[in-house]
Amino acid sequence: MNSLNLPSITSNAPRYVQMAMRMAELIESGAFQSGQRLPSVRDTAAQEGVSISTAMQAFRWLEDKGLAQAKPKAGYFVSKLRKRIDLPTVGQPPAHSVHVQRQSRTDVIRLDGGQAIRVNLGGTCPRDSMLFDEDRVRVAVSRATRVHRRTLVSYTNEAGTPALQNAVAQRALHLGCSLRGEDVVITSSCIHAVSLCLMAVTRPGDVVALESPTFFGFLDLLEALNLRVVEIPSHPRTGLSLPALQLALDTQPIKAVLAVPTLSNPLGAIMPLSEKKALVKLLAAHHIPLIEDVVFNDLLASDERRKAVKAFDRDGSVMVCGSFSKTLAPGIRLGWVDAGRWKDQVAALQRVQGAATNEVLEHALADLLTQTAYESQMRRLRVTMKSRLHEARKLVSSHFPKGTRVSDPAAGYTLWVELPPELDSMRLLALSAKEGIAFGPGRLFSATDRYAHCLRLSFSGAWGEAEKAGLSRLGHLAQSLQHKPSMALRP
């Protein structure tokens with residue numbers, strides 16, 4: 001369930017929705033138990049400073065979501081039909097490092113055989129245009145093309161335009177970071193920024209520590225760079241285990257740590273601020289750099305938990321990487337990095353690779369980032385996705401096999417689902433693919449064959465009746481596997 005350290009939800013969503021979402025999070029956290037009476041409509045209206053009718057709308061929203069039940073002359077109660085959904089368990093990855101050797105995970109998740117995808121619950125790149133302000137993006141690109149039209153016929157191999165470098169530095173203040181625009185290197189994507197950092201601090205054969213489960217794109221990248229991996233167990237709520245990382249640092253020749261401390265992918269975990277600070281101290285004591293991915297942090301707008309680990313860095317040991325493709329404009333796929341002590345090496349690698357970015361798009365992105373609407377847009381996006389994830393968790397609870405566990409992120413696009421141990425998500429994918437339903441099988445998120453009974457669901461695409469029916473159907477397919485003999489699968 002959600003942590004009780006809840007943010008204040010302030011957005012342009014209707015006031016009754018904001019009120020209802022706060023009560024929903026308290027219900028999900030267990031603060032209000034099944035069957036317990038909720039505060040009265042009148043008391044809620046007085047506490048929130050709204051009219052009785054607005055408070056009634058909030059309770060009706062809860063009722064529509066199946067969270068509350070009205071009883072005549074008695075008030076509203078937490079629905080007794082709700083089932084508490086357990087969080088996924090914390091696994092124990094291998095204690096030693098391993099080579100990453102497997103078919104590209106990015107290719108596997110696309111469904112082999114050319115099947116038409118009818119319901120796409122795979123991938124995390126936002127595909128639903130309803131999540132973003134297309135008009136605002138289009139105007140910014142048009143304005144940049146007009147004002148900076150000469151850049152279309154010029155060639156650049158610099159670290160980025162000062163406008164975007166400074167805009168990134170300004171946005172980083174919301175992450176608790178004091179960056180200098182001149183130290184920011186603009187890249188073609190966040191994964192490109194991560195690759196530059198890895199190349200700056202490692203050599204082929206070196207060992208890199210990272211969360212488990214982890215983003216499959218990181219594993220593909222580490223394999224391409226011929227790096228070994230040691231996996232550190234992560235809690236679905238609080239993320240990377242510091243005691244486990246301490247043990248790995250004491251026993252393994254780790255050269256770098258790669259992590260997503262805020263809204264990790266796929267768990268959606270958030271390291272507490274105290275542990276983020278402790279992580280910096282731990283790695284500094286071992287003289288090991290942290291490569292921090294902050295691509296999802298802005299989804300926690302108005303929440304202090306979005307503060308980056310880089311905010312606690314005092315000697316340049318944290319290399320922070322990000323982009324705005326998951327939050328602002330997926331089509332403007334630009335990334336950035338402040339590499340701390342390794343800024344010169346990263347900038348040199350960027351130049352040597354000749355991977356210059358598009359100046360017009362850089363100016364357009366700088367324009368979008370410095371507009372006052374950015375924060376409110378992030379809050380709206382968070383409320384929208386929280387509602388989607390809530391609906392999806394209810395569907396998983398109702399239609400997936402008994403004993404299924406589901407993550408409960410505070411924001412983001414994904415859920416991590418743990419099926420009963422006897423089920424294999426690759427077998428499930430083979431069944432669902434025939435019906436055009438895609439998702440991310442769990443073994444893609446590890447360098448070993450772990451998480452075979454897990455899967456990642458993404459809700460960054462369309463979310464309508466077809467997708468809800470597809471998710472329900474996926475649960476029924478999983479149930480059908482419980483009654484079939486297991487089959488040998490290729491790794």
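For the structure given in this document, a descriptive report is provided here. All of these numbers come straight from a predicted model, not from anything done at the bench. (Residues numbered from 1 in each chain as written. Predicted model: local features only at pLDDT ≥ 70, side-chain atom pairs only at ≥ 80, totals over all residues. Heavy atoms only, no water.)

Observations concerning the pattern of salt bridges
- All chains considered together, the criterion is met by 23 salt bridges.
- Among the ionic pairs, aspartate 183 bridges to lysine 343, the shortest N-O distance being 3.2 Å. With aspartate 183 in the loop between helix 6 (162-172) and strand 5 (185-187) and lysine 343 in helix 11 (residues 343-353), the pair connects residues that are 160 residues apart, well separated along the chain.
- The salt bridge involving glutamate 375 is made with arginine 306; its shortest N-O contact spans 2.8 Å. Of this pair, glutamate 375 sits in helix 13 (residues 373-399) while arginine 306 sits in the loop between strand 10 (290-293) and strand 11 (318-323), and the two are 69 residues apart along the sequence. The same class applies to glutamate 375 and to arginine 306, which are both buried. (Salt bridge = Lys/Arg side-chain N within 4 Å of Asp/Glu carboxyl O. Helix = DSSP H or I, 4+ residues; strand = E, 2+ residues; numbered from the N terminus. Buried < 20%, exposed > 50% of the residue type's maximum accessible area, 1.4 Å probe, protein only.)

Overview of the nonpolar core
- Grouped together as the largest cluster of nonpolar side chains are 102 residues, with contacts concentrated most on Leu457, Phe459, Leu471 and Leu474.
- Excluding residues that lie within four positions of it along the chain, leucine 474 makes contacts with Leu121, Phe400, Leu428, Ser432, Ile437, Phe439, Leu455 and Leu457.
- Within the second largest apolar cluster, 24 residues are counted, among which are Ala20, Met56, Val78 and Val383. (Core = buried A, V, L, I, M, F, W, Y, C linked by side-chain atoms within 4.5 Å. Contact = heavy atoms within 4.5 Å.)

Quick notes on unusual backbone geometry
- With an omega dihedral of 0°, the bond running from serine 212 to proline 213 counts as a cis peptide bond.
- The step from asparagine 265 to proline 266 runs through a cis peptide bond, and the omega angle for that step is 20°.
- Looking at where proline 266 falls in the secondary structure, it is placed in the loop between strand 9 (254-259) and helix 10 (273-286).
- The phi dihedral of asparagine 226 falls on the positive side, at around 60°, and the residue is not glycine.
- Structurally, the position occupied by asparagine 226 is in the loop between helix 8 (216-224) and strand 7 (228-235).
- Residue classification places asparagine 226 among the partly exposed positions, given a relative accessible area of 41%.
- The phi dihedral of histidine 287 falls on the positive side, at around 55°, and the residue is not glycine.
- For histidine 287, the location among the structural elements is in the loop between helix 10 and strand 10.
- The exposure class of histidine 287 is exposed, given its relative accessible area of 70%.

Quick look at the pairing of strand 9
- Among the six residues in strand 9, five count as buried, and that is most of the element.
- With four bridges joining them, strand 6 (residues 207-212) and strand 9 adopt parallel strand pairing. Opposite valine 208, over in strand 9, you have alanine 256 as the bridge partner.
- Where strand 9 meets strand 10, three bridges bridge the pair, whose relative direction is parallel. Across the sheet, leucine 258 pairs through a bridge with isoleucine 291, a residue of strand 10. (Pairing = 2+ DSSP bridges.)

Honestly, it's all geometry; don't read function into it.
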